[in-house]
Amino acid sequence: MPNVDSDDPPPTPASTDASQRPGLPLDSLAHRLLEARLLRRLVGDEGQLVKVDRFVIERELGAGGMGTIYSAWDEQLQRRVALKFLHQTGTDAASEQRLFREAQALAQLSHPNVVPIFDVGRHEGRVWLAMEHIPGQTLRDWAKERPRSQAERLEAWMAAGRGLAGIHAAGLVHRDIKPANVMLGEDGRVRIVDFGLVRIANASGPGSSETGLSTAAGWAEGLTEPDRFVGTPAYAAPEQLTGEVIDARSDQFSFCVSLWEALCGRRPSRARGPDGRPERNEGERLPARIHRALSRGLALAPQDRFEDMHALLAALAPPRRRWLVPSVVGSGAALLGLAIGMMALREPAAVVVDPCAQAGAKVDETWTAQSLQPLRATLSEPAIERTQALLDGWVEGWRHAARETCEDVHVRQQRSPESLDRRGVCLDRRLAGLTALRAAIDSGQLTKDEQLVAWLGELEDPRDCLSESVLGSNIEAVAPAHADEVAQVRRDLVRVQLDRDRQSFAARIAEAKQLLSRARVLDWPPLRGEAALALGRLHTIAGDGAAARLRLGEALDAGDRVHDLELQAHAWSALNQVERLVELDVERARWARERHAAVFMVFEPSPRQRAQLVADQGMTQELAGELEEAESSLREALALLEREGPTAAWEQATVLRNLGNLLVYSGRATEGRGLFDRARDLELGAPLEPQARRPAPSEAARALDEGIAMIAAGDPEAAVAQLQRTLTTATQAHGPRSELVARVHVALTAAYDYLGQTDMVRMHAELADSISMEALGPSHPLRVDVLSAVGVSAYHDGRTADAVLAFERALQLVRRVKPADSIAVALAEHNLADALHRDGQDEHAEPLLGHAVPILERQLGSADPRVTDARALHQRLRSTTAQGPRP
């Protein structure tokens, strides 16, 4: 993020020699970094780390007229930052104090389009800022990378403008807005950077105005003298060039110069026409609306510019387009003229035109009574009849919500026209699922009841679009020129999440990435958020927590940008899944769940949304080892959904499966299997309704859960048959070297161990080990189960030392990802203690069981076989250790 620009004034001898500049000591950091680098190169000596406060300096990123930036590592918070050292403009203590005060003011600023300041401090007479380190490129480099449309360039600079408005709202002025000081991060977010010239605007002092712009009296405590120029001349306002007092309107001028350059390829002429506007260079083409706005922002006199950045951005924004406004409303003037002319001839009965007659046209074009006809050749008649009834109800619900949306504005006049956009976006989001289902049916893709169930489960209730939460967003309708492409991307997003049988998992992720790229180009926040959410969910299923977090963060940013609360709630719930299922991080899972709950402080959740929140809480409690609390939460979620009746059957099935897994894990395998049976009845039986809130787990994942339940219930033969079928399905869907396949091999190890078939135990343990190492690496939480399987295999083969080593590694890893009093830790301790006992190391085994047995008794009950085994071994160890070591 260097403050370097080709239009900066050339350096002078006085500015290049730090020793001759007042108030600028020699940069000892650069000298120390160079010295350390030479030591490493010449003698391999790492030497002392170059540190400032808690930051380890890594390398210089760039330098400019007002500071030097280094890449640094924050040892306290374990993250990389950009550390900028600001040059002082004076030599006295007061100058340094003013600069420090400006830095502190910056640290209070929080805006999505402004790089955040984490900390400020002093070092060797210079003030420093610790900022977010943003991988990405400047808007100047982004514009040069490939051809960009005017719409893309305008939207990027509009985002920068919102950040600049946030800076001004905090009482600050940037003073060096230009393309090199605006970054586009790899996450797709635009941020204003480089605060070397920022100063406080004393808006509350003498001469302040209601707009927050300061007069000369209000700048008395500024950083630099009024007659000293700072900034970049090519982008500076006239009053900045002449050393006069500057304020937020000076930033506005620089912003307009930058945007003009972005749209036209060159900066505006300094010459002015008779109307006072900048004269256009040959070949420059700007829409009249944008030219008018930029011309006013480039006015020579500050008072002739816009009153603030918000007003400028409003003038630059594309005209609003309304959703679901029938053509009859748009031609109201013509209709009125026709009616008056007719009345002059005769007086017929009054004709009342229904302005919302076409409100349901979109869904009627998508779905008809014959839409299910292609399924009759492959699916049972009862399944088709049930689906027809369900979808007829869904379509009627969509039609009702669309008409209510229209009538609230054009008939009852209870809502503003903006509500058409906001509710319309919600309804279009629902319609994408139905459209994708219709395409899957027409293509012959759905050949099994289970496939149809998964697609039905993707449909969300259109009646939710009438809730107040939707009206609280700032979403505008998609531009008509992009409407068809947005609809297509949405349909493809549904398909890529559900098309499990025709595409490999790797192919689905690759396609989802392409869809996200298309959504980024369109840069309509709801679509971008939905695409990032879909890809994040796929990464979660693949076990790639880092990639999932990145994409879900992008979805949250998109939702925050337009206050899309529904999207934010989905993304926080998905992030909770990442932390629970992939990372096994209790604290981060709790944090995501709390952020999810915070969304509902803004609006009242529907019963299904509340059930999802409670279910997430239950699964997080299970991860923390709070099994009783987890069971209570999951049963509460189930009760909420059961009160909703058959319309929430799909979500009931999901909660039943989670509760069943919990019971199996707690030693209540028979009861858990009963819940799995109930879940399958709901998914395939008559009560099914299409109201799920997220894509279903894959058939292989569901079958794996059921196979594990069979093992726990003492039916290993059935488990082996189930898991062998699951292995085939998982290999076809996810590939032979995937995480899910490794999990199936672990389960098969347990099943064959139950049957005493040691050769099969060894084979599947080795396969689980090699596949998980390749797919996940040595430290993934799944490795706990894999290492346990490897240890069991070695134990049965009589390779006691190998068993001890595997169980030790499993215990080390599980202690990193699970609480000390969890069942997982206690079971790992029991395994290791058993192997140590066989190896003659009773003195090391006894303390492990001393810790494990009370936990197992408390969590599983004294009658559980695992508890009785551990307790018996502990009693033997206590007696033998009391007698001394074995000979």
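Residues numbered from 1 in each chain as written. Predicted model: local features only at pLDDT ≥ 70, side-chain atom pairs only at ≥ 80, totals over all residues. Heavy atoms only, no water.

## Regarding the environment of Ala 361
- Within the element layout of this structure, Ala 361 appears in helix H12 (residues 361-366).
- Linking Ala 361 and Arg 399, residues 38 residues apart in sequence, is a C-alpha distance of 8.2 Å. (Helix = DSSP H or I, 4+ residues; strand = E, 2+ residues; numbered from the N terminus.)

## Comments concerning the side chain of His 596
- When you line up the elements, His 596 lands in helix H22 (residues 586-599).
- Residue class for His 596 comes out buried when judged on its relative accessible area of 3%. (Buried < 20%, exposed > 50% of the residue type's maximum accessible area, 1.4 Å probe, protein only.)

## Quick look at the environment of Glu 594
- With respect to the secondary-structure elements, Glu 594 resides in helix H22.
- Look at Glu 594 and you get exposed, because its relative accessible area is 51%.
- Remark: the alpha-carbon pair of Glu 594 and Ser 573, spanning 21 residues in sequence, is separated by 9.8 Å.

## Focus: the packing of helix H5 (residues 150-169) against helix H7 (residues 248-264)
- Axis separation between H5 and H7 bottoms out at 10 Å; the angle between their running directions is 170°. With respect to each other, H5 and H7 are oriented roughly antiparallel. Where H5 crosses over H7, the two elements pack in a sense that is right-handed. On H7, the residues touching Gln 150, Arg 153, Leu 154, Trp 157, Ala 160, Gly 161, Leu 164 and His 168 of H5 are Ala 248, Asp 251, Phe 255, Ser 258, Leu 259, Ala 262 and Leu 263.
- When its residues are assigned to classes, the contact of H5 with H7 shows nine nonpolar, four polar and two charged. (Axes fitted to C-alpha atoms, helices over the stretch in contact; angles between N-to-C directions. Parallel < 35°, antiparallel > 145°, perpendicular 65-115°, else oblique. Left-handed = near helix turned anticlockwise from the far one by under 90°. Contact = heavy atoms within 4.5 Å. Nonpolar A, V, L, I, M, F, W, Y, C, P; charged D, E, K, R; others polar.)

## Observations concerning the pairing of strand S5 (residues 117-123)
- In the sheet, S5 pairs with strand S6 (residues 126-132) via six bridges, with the strands oriented antiparallel. For Val 120, the partnering residue across the bridge sits in S6 and is Leu 129.
- Counting the residues between successive antiparallel strands, the hairpin from S5 to S6 contains two residues, one of them, Glu 124, with a positive phi of roughly 50°. (Pairing = 2+ DSSP bridges.)

## Digging into the pattern of salt bridges
- Scanning the model with the defined rule gives 55 salt bridges in all.
- Across the pair Arg 305 and Glu 239 runs a salt bridge whose closest N-O atoms are separated by 2.8 Å. Here Glu 239 lies in helix H6 (residues 238-241) and Arg 305 lies in the loop between helix H8 (288-297) and helix H9 (309-316), a separation of 66 residues in the sequence. For the pair Arg 305 and Glu 239, a shared accessibility class is recorded, and that class is buried.
- Note that Glu 261 is salt-bridged to Arg 267, the shortest N-O span being 3.3 Å.
- Relative accessible area serves as the criterion here: at 26%, Arg 267 is assigned to the partly exposed category.
- Connected through shared salt-bridge partners, Glu 155, Arg 162, Arg 520, Asp 523, Arg 528, Arg 551, Glu 554 and Arg 561 make up one network. (Salt bridge = Lys/Arg side-chain N within 4 Å of Asp/Glu carboxyl O.)

## With respect to the state of the cysteines
- Scanning all chains against the criterion turns up two disulfides.
- Each sulfur of the disulfide joining Cys 356 and Cys 406 lies 2.1 Å from the other. Disulfide Cys 356-Cys 406: torsion about the S-S bond near -85°, hence left-handed. Taken together, the residues Cys 356 in the loop between helix H11 (332-345) and H12 and Cys 406 in helix H13 (residues 381-410) connect sequence positions 50 residues apart.
- Here Cys 426 connects covalently by a disulfide to Cys 465, the sulfurs 2.1 Å from one another. Residues Cys 426 and Cys 465 are joined by a disulfide whose S-S torsion is about -80°; by sign, that bridge is left-handed. With Cys 426 in helix H14 (residues 418-442) and Cys 465 in the loop between helix H15 (449-457) and helix H16 (468-471), this residue pair connects regions lying 39 residues apart in the sequence. (Disulfide = S-S within 2.5 Å.)

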